[in-house]
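Chain by chain, the residues:
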Amino acid sequence: MPTAPQRRLLVTSALPYANGHIHLGHLVEYLQTDIFVRFQRLRGHQAIYLCADDTHGTAIMLRARAEGRSEQELIAAMREAHLADFTDFQIAFDHYGSTDSPANRRLCGELWQALRERELVVTREVQQLYDPEAGVFLADRFVKGTCPKCGGGDQYGDACEQCGATYAPTELVDPVSTLSGARPEVRSAEHLFVTIEALHEFLAQWTQDSGAVDPRIANYLNGHFLSEPLRDWDISRPAPYFGFEIPDAPGQYWYVWFDAPVGYMAATEEWCQQQGGRLEDWWGRDDAGNPRAEIHHFIGKDIVYFHTLFWPAMLEAAGLALPTKVRVHGFLTVNGQKMSKSRGTFILARTYLEHLDPGMLRYYYAAKISGGIDDLDLNLEEFTAKVNADIVGKVANLASRTARWLTASGLSAVYPDDGGLFAKAAADGEAIAAAYEAGDFARAMRLVMQAADRANAYIDAEQPWKLAKAGPEAAGRLQDVASVAVNLFRQLAVYLAPVLPRLAEQAGTLVGGPIRHWAEATRPLAGIPVAGFQPLARRVEQAQIEALVAASRSAVEASPPAGSPVTHTSGASTMDETPAAFSSADPAAPLEAEPLAEECTIDDFGKVDLRVARIVAAEEVPEARKLLKLTVSLGGDVTRTVFAGIKGFHDPAALVGRLVVVVANLAPRKMKFGLSEGMVVAASGAGAEGVFLLSPDTGALPGMRLR
RNA sequence: GGGCCCGUAGCUCAGUGGUUAGAGCAGGGGACUCAUAAUCCCUUGGUCGUGUGUUCGAAUCACACCGGGCCUACCA
């Protein structure tokens, strides 16, 4: 067999954000990257798989504050959780770093220096709304006000959802900071920009012609960005910001999207320190200007822009190697819909592991991933049927139904005539490998399953169970048939090893020792012992799926979403912090004064029927010290009388017409001044005078239930 | 509004110019009993979204339309 020259591949997955746990959407990316890397190694190439936690940015800062601990404590805990999830899914990183590392800080500095030397950095004043109470500049999404075009209320700072108009936040009428409620003022702030337009020609050429970018993606970039001058990239954020301070711009921090991709390099450097070699061997260019290694980035479609424009621009400016391939995938849907907490389809990696075998998901994803950017649907019914039929019924069954006849005798001394079955599957090996290489794992799995079908048909035709009963004169024939079956099984295990490393191990234990190379699928084994058969995989039962969905509902309810302003609901990859998000320094006092209540279940919560209601009448109760008498409408002609303890904080006349939230199924209570038929929900607590009524967003109608 | 992708058997999809369009699952019938209600054989089922065109020949190419999805809407 001709030996292909050994390739050197550096492979990455996007860095998961340290703001949340790994879920099945993330795993679409990490599993396919892991499969790709394992495949390359099995083919005899050197492939290193690098990743890291993405730790910087506003969301981390806010969450750490909300949880009353330092950013470092938060990201250390999240890193541990991430690594445990990845490890248990058999995702084998060669190194897993952190963007909050000395190596990353140093490398950011070097890239920054390169940008400076090529005079690609400019400073500009930016007019922005500033929250004087919270002491921060406000990103568009942290400002609300009245649309300057149509007069619609309660609109964000960048666009009106009612009339579709877009505008600058400074144009908003009656703007309000969503952080503090204060009225923002217009201030100037100094920001640093990278003038990537200077690299326009390079980027146009690279995205269109290098082969690194899928033509469809290249076309998208061409239409959206490269058809006109590239805008300067706002690369800095003023304090307060959790990140690296820019060395030559005190008080300014690198925006998280600057230091995140550099994390790929930092992880490489740390790996080199442990394993040997130099960073330049992976990220450098040789004397002819060609990369010294292949670089493959696996990313979700949401972060194409950063990996195909900014990141190559940075690398080019620094004279570093450019990505060989940016492999873009879609998001995960479950049962055809976006993952949903209420449906129990927002499934955390950990929750899955508590109910099911990680190999089953690895196989299912592999069978569905065809290298395109379309979303991948996890249909739970199909999942059950497919993994049971393919892995258990076809592949594992091959060994399960024949291996025991070889425990005493071992494999036949010479590989028997199998009608060309082994040779056929061996010949398919290159087509399977080509499919893996192209990222079309679905095609690879189809080819493997065809081979499994042929193998099972062979066993049925040979009827070894009859030979087993036929007595000693049939023993040789039985050994031959079983030897063929076990060899065909091991051959499939080789092809499936990138997807199912555990199955490959078990196959090696059963016969022939560890599977180390793809070429083992071309040589049948003979004359060696066969170990006692151990079950390889358990069927997925409907009850397990139901338990997983039920647990996902409660797991989400139990985890405190408060203080985690960024949630990656459907994205398979992260690294996407809300651009230009700023925070206020929220005090800890309210939470400290009243710690969280005991955990409750979704069922507990479901007993409380919260409804939107409109206040149709409000009047003073002269004798009462704290109470106002409210009449609220739940829609139609359903009204309730509610006594609310908000006297002194709210003017009754101003309340009329306002939407509030009421507990609609609270048992009526006789009070001194009458019967109260519900309760208006309001916030109050330490650190603030007052009682704050809750209001729904525009569009809510009386009678709508809160969940 | 613009861009891109998709629409093939009940479901998931393969097939991208050439003989009567395929697979898996599901359905029906049978076989087998070694195996985790596993396996094997046979079988039902499709005017390949619609229309027009190019061609000796179209699921496959072009155009239009219908339906679904993703991205984008002067933001990165």
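So, how was this worked out
- Residues numbered from 1 in each chain as written.
- Chains lettered and ligands numbered in written order.
- Predicted model: local features only at pLDDT ≥ 70, side-chain atom pairs only at ≥ 80, totals over all residues.
- Heavy atoms only, no water.
- Helix = DSSP H or I, 4+ residues; strand = E, 2+ residues; numbered from the N terminus.
- Polar contact = N/O pair within 3.5 Å; in protein donor to acceptor, adjacent residues only side chain to side chain.
- Contact = heavy atoms within 4.5 Å.
- pLDDT = per-residue confidence, 0-100.
- Salt bridge = Lys/Arg side-chain N within 4 Å of Asp/Glu carboxyl O.
- Buried < 20%, exposed > 50% of the residue type's maximum accessible area, 1.4 Å probe, protein only.
- Near = heavy atom within 4 Å.
- Nonpolar A, V, L, I, M, F, W, Y, C, P; charged D, E, K, R; others polar.
- Pairing = 2+ DSSP bridges.
- Axes fitted to C-alpha atoms, helices over the stretch in contact; angles between N-to-C directions.
- Parallel < 35°, antiparallel > 145°, perpendicular 65-115°, else oblique.
- Left-handed = near helix turned anticlockwise from the far one by under 90°.
- Expected span 1.5 Å × (residues − 1).
- Bend = angle between axes of the 7 residues up to and from the residue.
- Core = buried A, V, L, I, M, F, W, Y, C linked by side-chain atoms within 4.5 Å.

### Brief notes about the side chain of His56
Consideration 1: Along the chain, His56 turns up in the loop between strand 2 (46-53) and helix 2 (58-66).
Consideration 2: Only 2.7 Å separates the side chain of His56 from the side chain of Asp100, close enough to count as a polar contact.
Consideration 3: Among residues more than four places away in sequence, those in contact with His56 are Tyr17, Thr99, Asp100, Phe242, Gly243, Phe244, Val256 and Asp259.

### Section: the confidence of the model for chain A
Consideration 1: Averaged over chain A, the pLDDT score is 84; the fraction of residues at 70 or greater is 83%.
Consideration 2: By mean pLDDT, the top-scoring element of chain A is strand 3 (residues 95-98) (98), and the lowest-scoring one is helix 19 (residues 589-593) (48).
Consideration 3: Interface predicted TM-score (ipTM) for the complex: 0.92; the corresponding pTM is 0.79.

### Considerations on the pattern of salt bridges
Consideration 1: According to the stated counting rule, one finds 33 salt bridges in the structure shown.
Consideration 2: Of the charged contacts in the structure, one is a salt bridge between Lys394 and Asp390, with a shortest N-O distance of 3.7 Å. Here the residue Lys394 and the residue Asp390 both occupy positions in helix 12 (residues 380-400), the gap between them amounting to four residues, near one helical turn.
Consideration 3: Judged by relative accessible area, which is 22%, Lys394 ranks as partly exposed.
Consideration 4: Judged by relative accessible area, which is 6%, Asp390 ranks as buried.
Consideration 5: The partner of Glu462 in a salt bridge is Arg477, with the nearest N and O atoms 2.8 Å apart. Here Glu462 is found in helix 14 (residues 441-462), whereas its partner Arg477 is found in helix 16 (residues 475-496), with 15 residues between them in sequence.
Consideration 6: According to the relative accessible area criterion, Glu462 is partly exposed, its value standing at 26%.
Consideration 7: Put simply, Lys386, Asp390, Lys394 and Asp453 are held in one network by salt bridges that share partners.

### Observations regarding the protein's contact with RNA strand B
Consideration 1: Close to RNA strand B lie 34 residues, the nearest being Arg231, Arg401, Asp460, Lys469 and Ala537.
Consideration 2: Restricting the count to atoms of RNA strand B within 4 Å of the protein gives a sugar and phosphate share of 75%.
Consideration 3: One of the side-chain N or O atoms of Lys301 is found 3.2 Å from a sugar or linking oxygen in RNA strand B.
Consideration 4: Glu382 is positioned such that a nitrogen or oxygen atom in its side chain is 3.3 Å from a sugar or linking oxygen of RNA strand B.
Consideration 5: Here the surface near RNA strand B takes seven residues from helix 12, the largest share from any one element.
Consideration 6: Taken together, the residues of the surface near RNA strand B break down into twelve nonpolar, seven polar and 15 charged.

### Considerations on the sheet that holds strand 18 (residues 610-620)
Consideration 1: The sheet built from five strands is open, its strands ordered 20-19-18-21-24 with antiparallel pairing. In the strand order of this sheet, the two ends are held by strand 20 (639-644) and strand 24 (679-680), each with one partner.
Consideration 2: By the bridge criterion, five bridges tie strand 18 to strand 21 (residues 659-663) in an arrangement that is antiparallel. Looking at strand 21, one finds that Arg614 is bridged to Leu659.

### A closer look at the sheet that holds strand 2
Consideration 1: The strand order across the open sheet built from five strands is 3-2-1-13-14, with neighbouring strands paired in parallel fashion. Strands at the two margins of the open sheet, each flanked by one partner only, are strand 3 and strand 14 (325-329). Recorded for the sheet is a direction-independent mean angle of 25 degrees between the axes of neighbouring strands.
Consideration 2: In terms of strand pairing, strand 2 meets strand 3 through four bridges, oriented parallel. Of the residues in strand 3, the one forming a bridge with Asp53 is Ser98.
Consideration 3: Sitting on the sheet, helix 3 (residues 71-88) is in contact with strand 2 and strand 3, with an inclination near 160 degrees to strand 3.

### Side note on the packing of helix 12 against helix 16
Consideration 1: The geometry of helix 12 relative to helix 16 is characterised by a closest axis approach of 8 Å and an angle of 140 degrees between their N-to-C directions. Classified by the angle between their axes, helix 12 and helix 16 sit oblique to one another. Between helix 12 and helix 16 lies a crossing whose hand is left-handed. Across the interface between the two elements, Val395, Ala396, Leu398 and Ala399 from helix 12 touch Ala485, Phe489, Leu492 and Leu496 from helix 16.

### Looking at helix 7 (residues 256-275)
Consideration 1: The end-to-end C-alpha distance of helix 7 is 28 Å, a good match for the 28 Å that 20 residues give at a rise of 1.5 Å each.
Consideration 2: Along helix 7, the sharpest change in direction is near 35 degrees and occurs at Gly263.
Consideration 3: Most of helix 7 sits out of view: 17 of its 20 residues are buried.
Consideration 4: Remark: Gly276 follows helix 7 within two positions and exhibits a positive phi of approximately 95 degrees.

### Quick look at the nonpolar core
Nonpolar side chains in soluble globular proteins generally cluster together in the buried interior.
Consideration 1: Of all hydrophobic cores here, the largest spans 175 residues; its most connected members are Leu27, Trp283, Tyr352, Tyr365, Phe383 and Tyr436.
Consideration 2: Element by element, the count of residues in this core is highest for helix 16, at 13 residues.
Consideration 3: Setting aside anything within four residues of it in sequence, one finds Leu27 in contact with Ile22, Gln32, Phe89, Ile91, Ala349, Leu361 and Tyr365.
Consideration 4: In this structure, Ala613, Leu634, Val662 and Leu693 belong to the second largest nonpolar core, which totals 14 residues.

### Observations regarding the packing of helix 1 (residues 24-42) against helix 13 (residues 421-437)
Consideration 1: The geometry of helix 1 relative to helix 13 is characterised by a closest axis approach of 10 Å and an angle of 135 degrees between their N-to-C directions. Taken as axis vectors, helix 1 and helix 13 run oblique relative to one another. Crossing angle aside, the handedness with which helix 1 passes helix 13 is left-handed. Contact with helix 1, carried on its side by Ile35, Phe36, Phe39 and Gln40, involves Ala433, Tyr436 and Glu437 of helix 13 and no other residues of that element.
Consideration 2: Classifying every residue of the contact of helix 1 with helix 13 by side-chain character gives five nonpolar, one polar and one charged.

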